[in-house]
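# Fold and geometry: a report
So the chains spell out like this:
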Amino acid sequence: MHAEYTEPVWALWVLSMFLFALVIALSAGLVESLVGGGLPTVVRSGGTGFATAVALCLAAVPAVRELRKRR
């Protein structure tokens, strides 16, 4: 019975991670465009921000699980 509640919660966490990474990507692209970068530079900056934010969010999941096991 507990397993049926974890799947929707995990989907919401993944969705919130994706939206957080999207905000980071848009912010990085906006800052780069305000500095005067061209379109390739803006896209590269946004993509790098998105990839970094997703990697950090996904790396935090095992760390939080380990911390919760210790309690």
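Just above sits the structure.
Parameters and conventions
- Residues numbered from 1 in each chain as written.
- Predicted model: local features only at pLDDT ≥ 70, side-chain atom pairs only at ≥ 80, totals over all residues.
- Heavy atoms only, no water.
- Phe/Tyr/Trp six-rings, centres within 6.5 Å; stacked < 30°, edge-to-face > 60°.
- Lys NZ or Arg CZ within 6 Å of the ring centre and 35° of its normal.
- Helix = DSSP H or I, 4+ residues; strand = E, 2+ residues; numbered from the N terminus.
- Buried < 20%, exposed > 50% of the residue type's maximum accessible area, 1.4 Å probe, protein only.
- Salt bridge = Lys/Arg side-chain N within 4 Å of Asp/Glu carboxyl O.

## Observations concerning the packing of aromatic side chains
Taken as a whole and assessed by the stated rule, the structure comprises one aromatic pair. The side chain of Arg-65 reaches across the aromatic face of Trp-10, ending 5.9 Å from its centre.

## Brief notes about the environment of Thr-52
In this fold, Thr-52 is placed in helix H2 (residues 39-69). Looking at Thr-52, the relative accessible area reads 42%, which means it is partly exposed. With 28 residues separating them in the primary sequence, Thr-52 and Ile-24 have C-alpha atoms 9.1 Å apart.

## Overview of the pattern of salt bridges
A full pass over the atoms with the stated rule returns one salt bridge. Across the salt bridge formed by Glu-66 and Lys-69, the nearest N and O atoms sit 3.6 Å from each other. Here Lys-69 and Glu-66 lie together in helix H2, a separation of three residues that amounts to about one turn. Note on Lys-69: relative accessible area 64%, which makes it exposed.

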